[in-house]
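An overview of the molecular structure
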Amino acid sequence: MLDGLDPEQRAVATAFQGPVCVLAGAGTGKTRAITHRVAYGVRAGIMQPASVLAVTFTNRAAGEMRGRLRQLGAGGVQARTFHSAALRQLQFFWPKAVGGELPRIVDRKAQLVAEAAARCRLRLDRNELREVTGEIEWAKVTQTVPGDYAAVIAKSARETARDAAETAQVYAMYEQLKRDRSVIDFEDVLLLTVAILQDRHDIADQVRRQYQHFVVDEYQDVSPLQQRLLELWVGERETLCVVGDASQTIYSFTGATPEHLINFRTRHPNATVVKLVRDYRSTPQVVHLANGLLAQARGRAAEHRLELVSQRAKGPEPVCTEYGDEPAEAEGTARRIRDLVAAGVPAGEIAVLFRINAQSAIYEQALADAGVPYQLRGAERFFERQEVREAGAALRGAARFGGNDALLDGMVELPQQVRAVLSAKGWTDQPPAGSGPVRDRWESLAALVRLAEDFSGARPEATLADLVAELDERAAAQHAPTVQGVTLASLHAAKGLEWDAVFLVGLAEGTMPITYAKTDEQIEEERRLLYVGVTRARVHLSLSWALSRAPGGRASRRATRFLQGLRPGATRAAWTAASGAAGSVELGTATARAAEEPAPRRRDRRPARCRVCGRTLTEAGEMKLMRCEDCPSDMDEGLYERLHAWREVQARELGQPAYCVFTDKTLVAIAETVPGDERALSAISGVVRRKLTRFGPDVLAICAGEDRSGGGGDG
Ligand code: ATP
Ligand code: MG
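Residues numbered from 1 in each chain as written. Chains lettered and ligands numbered in written order. Predicted model: local features only at pLDDT ≥ 70, side-chain atom pairs only at ≥ 80, totals over all residues. Heavy atoms only, no water.

1. Here's the deal with the environment of R68
Our working rule: Where helices and strands are cited, they refer to DSSP runs of H or I of at least four residues and of E of at least two residues respectively, numbered from the N terminus. For this analysis, residues touch if any pair of their heavy atoms sits within 4.5 Å.
Examined against the element boundaries, R68 turns out to sit in helix α3 (residues 59-71). R68 has contacts with T31, R32 and T35, leaving out every residue within four places of it along the chain.

Next comes the structure, spelled out in structure tokens:
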């Protein structure tokens with residue numbers, strides 16, 4: 001069993017005298033080492049399976065650990081989250097400690113907070129309610145009682161939108177209401193377990209007799225409340241092994257802190273401290289970028305960084321790609337994923353990771369369009385999210401009763417109607433302050449508003465009912481059951497996991513770091529989040545960002561500051577949502593500045609209609625063709641052949657694939673429309689300004705019957 005470990009990992013697995021602390025970087029085998037420690041201890045007869053408690057960060061990680069332990073012959077070991085281990089103990093000891101049954105866990109916490117606020121004569125809108133709820137949760141995991149809350153906030157760097165005294169008042173009333181109604185919340189599960197273990201020595205002894213050995217994974221993200229519980233479980237004993245990486249602390253916004261990991265030696269002077277630096281997960285190319293990111297990190301966690309050394313064979317360089325706009329980024333990413341799958345990388349070994357869950361929608365769509373199966377991890381699918389379903393229902397209702405409403409009677413533009421309907425669901429023009437679920441929900445609604453804007457941009461005559469039909473169609477397309485698909489996950493949900501290919505998307509300032517990260521500490525946490533993302537990749541790593549949100553928008557964005565000086569061979573893709581696979585320019589060197597040329601602008605938006613039957617087109621592919629896929633083509637075959645031959649020559653001269661000149665679909669559209677002037681040519685999807693300047697004269701000449709297949713684009 002120990003054969004599969006290196007000497008340091010073996011030390012972790014076999015040091016049973018005294019506490020053990022493993023401080024090590026991503027992919028160095030921390031999780032592997034503690035799993036082997038438990039399995040080895042059990043097989044060697046040092047630990048009884050039932051006496052071991054392995055604590056990990058998520059239910060999924062706990063499940064995975066149970067599976068690995070079973071494989072190593074150590075089934076029967078408890079692998080749980082702090083929360084599930086505490087709940088189990090609380091249920092068991094409640095009758096003895098308090099009497100009766102454990103109170104019910106409140107399922108609609110926000111409603112109770114709203115009631116508490118009302119009793120304090122405060123009217124909170126949905127966003128304020130979520131914000132206050134988040135603050136109460138934070139206060140509880142940091143063991144801050146209502147009476148201390150205002151003072152603690154005044155001292156901390158925590159940014160809050162509300163007056164702390166008011167929040168404290170609601171917090172106190174909320175606690176009172178719970179007591180009156182005999183219910184508890186999620187945080188109470190830990191708080192009550194701690195209280196019982198503290199007060200009842202007999203019960204604490206009983207728990208300690210049961211659990212004698214402890215391992216904790218991802219220890220850098222332990223909250224003060226979880227730490228207190230751990231101390232109570234372990235007691236005076238030294239049978240504790242913790243592993244973590246301070247550089248991967250990504251939950252400090254919820255009250256977690258790496259100090260417990262960093263100071264482990266201070267609290268346990270006789271601890272064995274093991275450092276692992278061999279990275280078994282990623283290629284030297286990925287590790288180089290990860291080390292580069294950490295080298296620029298500042299602050300407490302960064303003082304403890306360790307330089308990783310890859311143990312794997314060389315792999316491809318990470319690829320940085322700058323796109324003109326977000327849809328182009330999503331399309332480009334989906335296309336690369338399709339190529340990887342075609343080249344033999346299983347879809348289940350590929351992940352797209354983003355900063356906030358609302359970013360997933362556009363990738364869900366792009367992957368669905370590309371026919372690539374996917375699954376969302378750590379978040380519900382966009383159209384299954386509660387706020388999105390509620391918003392959909394509200395829009396449907398508004399569309400149904402639209403006839404009686406002047407607002408919806410064509411007097412007001414579609415996006416404005418949507419904003420009006422969604423404002424009743426918590427949509428505001430400006431995003432709410434801070435992060436967390438409030439912000440995530442706002443982002444979901446913002447994504448719907450943007451969808452409405454884009455939809456009405458493409459179809460100015462569209463009504464609210466059309467939009468609802470479009471939403472239904474999209475939802476249906478994405479609900480198709482999938483197996484073994486590409487993982488779509490937030491960077492937070494990707495912690496501890498690994499894939500052969502990882503796409504880190506949306507790496508523009510404002511998203512990475514996220515706008516609401518303001519203090520130095522918050523910025524550093526964002527950098528660590530990117531480090532977590534980079535270190536999920538085994539072989540293929542792609543980093544991308546878009547210069548503007550929508551096609552034709554102002555190219556006002558910049559690549560994330562965190563990649564400054566680190567960008568490996570940057571590629572500038574001039575793809576736009578309309579042109580599909582148009583051009584990409586290899587810049588090739590680490591110093592290449594990718595943003596020199598502005599993103600291509602899209603022509604004015606008119607509803608795209610089929611040239612043959614006149615139907616309004618909504619599918620990207622059909623818009624490129626300028627007709628329905630199944631409407632008959634009236635293409636001039638000879639012209640298509642000449643354009644095709646000309647494209648081959650151009651591509652060869654430029655040293656680029658043919659589709660970088662024009663895609664097949666664009667060539668077909670040109671051969672079908674036979675443009676007579678620049679204006680007509682530029683109306684064809686895929687003929688962006690840069691291409692018009694470069695190839696326009698040739699293409700128009702060929703359309704006019706001249707033979708230009710000998711080449712000679714005049715630039
Ligand atoms: P993270 O910080 O991301 O949680 P980690 O330190 O927990 O990473 P693991 O997930 O345990 O790292 O290991 C990373 C990968 O390296 C896994 O695929 C694991 O199987 C492999 N690995 C770890 N140690 C070894 C080893 N000694 N020999 C071969 N492969 C190893
Ligand atoms: Mg791990």
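What follows continues from the structure just given.
2. So, the sheet that holds strand β1 (residues 20-24)
Through backbone hydrogen bonds, the strands of a sheet pair up, either in parallel or in antiparallel fashion. As a reminder of what qualifies: Here, any two strands with at least 2 DSSP bridges between them count as paired. Only the stretch in contact is used when a helix axis is fitted, and all axes are lines through C-alpha atoms; the angle between N-to-C directions ranges over 0 to 180 degrees.
Here six strands make up an open sheet; going across it, the order is β3-β2-β6-β7-β1-β8 and the pairing parallel. Strand pairing shows two members of the sheet lacking a second neighbour, β3 (78-81) and β8 (272-276), which therefore form its edges. Pairs of neighbouring strands in the sheet enclose a mean axial angle of 15°, with direction left out of account. Bridge count between strand β6 (residues 213-216) and strand β7 (residues 240-244): three bridges; the pairing is parallel. Residue V216 lies in a different strand from β7, and its bridge partner there is V242. Here helix α2 (residues 30-43) sits on the sheet in contact with β1, β2 (52-56), β6, β7 and β8, set at roughly 160° to β7.

3. Thoughts on the pattern of salt bridges
Counted only if it meets this: A carboxyl oxygen of Asp or Glu within 4 Å of a side-chain nitrogen of Lys or Arg is what we treat as a salt bridge. For every residue, the accessible area obtained with a 1.4 Å probe (protein chains only) is divided by the maximum for its type, and the residue is called buried under 20%, exposed over 50%, and partly exposed between those limits.
Scanning all chains against the criterion turns up 34 salt bridges. Measuring nitrogen to oxygen at the nearest pair gives 3.5 Å for the salt bridge that ties E128 to R162. Placement of E128 in helix α6 (residues 126-141) and of R162 in the loop between α7 (146-155) and α8 (164-181) is noted, with a sequence separation of 34 residues between them. In this structure, the salt-bridge partner of R538 is D500, at a minimum N-O distance of 2.7 Å. Note that R538 is positioned in strand β16 (residues 537-548) and D500 in strand β15 (residues 499-504), a separation of 38 residues in sequence. Judged by its relative accessible area of 16%, R538 falls in the buried class.

4. Describing the nonpolar core
Rule in force here: Buried Ala, Val, Leu, Ile, Met, Phe, Trp, Tyr and Cys residues form a nonpolar core when they are joined through side-chain atoms within 4.5 Å. Start and end points for every domain follow an automatic or database-based domain assignment.
The biggest cluster of nonpolar side chains holds 43 residues, and the ones touching the most others in it are L353, L504, L507, L530, V534, L541 and L543. In this structure, this core is formed jointly by two domains, domain 1 (7-89 + 191-276) and domain 3 (314-381 + 480-596), each of which donates at least three residues. Every residue in contact with L507, bar those within four places of it in the chain, is listed here: M512, L530, L543, S544, W545, R558, A559, T560 and L563. Judged by nonpolar contacts, the second largest core, of 37 residues, contains L53, Y211, V216 and L240.

5. Focus: the site of ligand 1
This is how it is decided: When at least one non-hydrogen atom of a residue lies within 4 Å of a molecule or strand, that residue is treated as near it. Polar contacts, as used here, are pairs of N or O atoms within 3.5 Å; protein pairs need one atom able to donate a hydrogen and one able to accept it. Residues neighboring in sequence count only if both atoms are side-chain atoms. Computed by Shrake-Rupley with a 1.4 Å probe, the accessible areas treat only the displayed protein chains as cover when residues are assessed.
Around ligand 1 sit 19 residues in total, of which K30, T31, R281, E498 and R536 are the nearest. Contact between ligand 1 and G4: a nitrogen atom at 3.2 Å from a main-chain N or O atom of the residue. Surface burial for ligand 1 is 84%, taken as the share of its 630 Å² of free accessible area covered by protein chains. The element contributing the most residues to the shell around ligand 1 is α2, with three residues.

6. Structural notes on empty space enclosed by the protein
Defined as follows: Site definitions follow a grid-based scheme: protein atoms alone, a 1 Å grid, a 1.4 Å probe that fits but cannot get out for cavities, and for pockets an open set with protein on both sides within 12 Å along at least five of seven lines, plus lining residues having an atom within 4 Å of a point. Grid points are joined across faces, edges and corners, and a volume is the space filled by probe spheres set on the points. In this classification, Asp, Glu, Lys and Arg are treated as charged, Ala, Val, Leu, Ile, Met, Phe, Trp, Tyr, Cys and Pro as nonpolar, and every other residue, Gly included, as polar.
Under the criterion given, the structure shown has seven cavities of 30 Å³ or more. Taken as a whole, the largest cavity holds about 50 Å³ of empty space. Lining of the largest cavity is provided by F16, R37, V38, M47, V52, H213, F214, V215, T239 and L240. Of all elements in the fold, only α2 and β6 reach the threshold of two or more residues within the lining of the largest cavity. The element best represented in the lining of the largest cavity is β6, accounting for three residues. Residue composition of the lining of the largest cavity, by class: seven nonpolar, two polar and one charged.

7. With respect to the state of the cysteines
The cut-off we apply is this: The term disulfide is used for any two cysteine sulfur atoms that are within 2.5 Å.
Going through the model one piece at a time under the given rule, you end up with zero disulfides. In this structure C21 is not part of a disulfide, and its nearest cysteine sulfur, from C241, lies 8.2 Å away. By relative accessible area, which is 1% here, C21 ends up buried. Using a relative accessible area of 0% as the deciding quantity, one classes C241 as buried.

8. Remarks on unusual backbone geometry
What is expected of a backbone is that most residues other than glycine have negative phi and most peptide bonds are trans. In this structure, P513 follows M512 across a cis peptide bond, with omega equal to -5°. Take P513: it is sitting in the loop between β15 and α21 (520-534). One non-glycine residue, Q143, adopts positive backbone phi at about 50°. Take Q143: it is sitting in the loop between α6 and α7. Phi is positive for S182, close to 55°, though the residue is something other than glycine. Position of S182 relative to the elements: it lies in the loop between α8 and β5 (183-184).

9. Quick word on the packing of helix α4 (residues 82-97) against helix α11 (residues 224-234)
Applied cut-off: To sort the angles, those under 35 degrees are grouped as roughly parallel, those over 145 as roughly antiparallel, those from 65 to 115 as roughly perpendicular, and the leftovers as oblique. The crossing is said to be left-handed when, going from far helix to near helix, the turn is anticlockwise and less than a right angle, and right-handed when the turn is clockwise.
The contact between α4 and α11 brings their axes to 11 Å, and the two run at 55°. The orientation of α4 relative to α11 falls into the category oblique. The way α4 lies across α11 gives a crossing that is left-handed. Here F82, A85, A86 and Q89 of α4 come into contact with α11, specifically with Q226, L229, L230 and W233. For the contact of α4 with α11, the residue count by class is six nonpolar, two polar and no charged.

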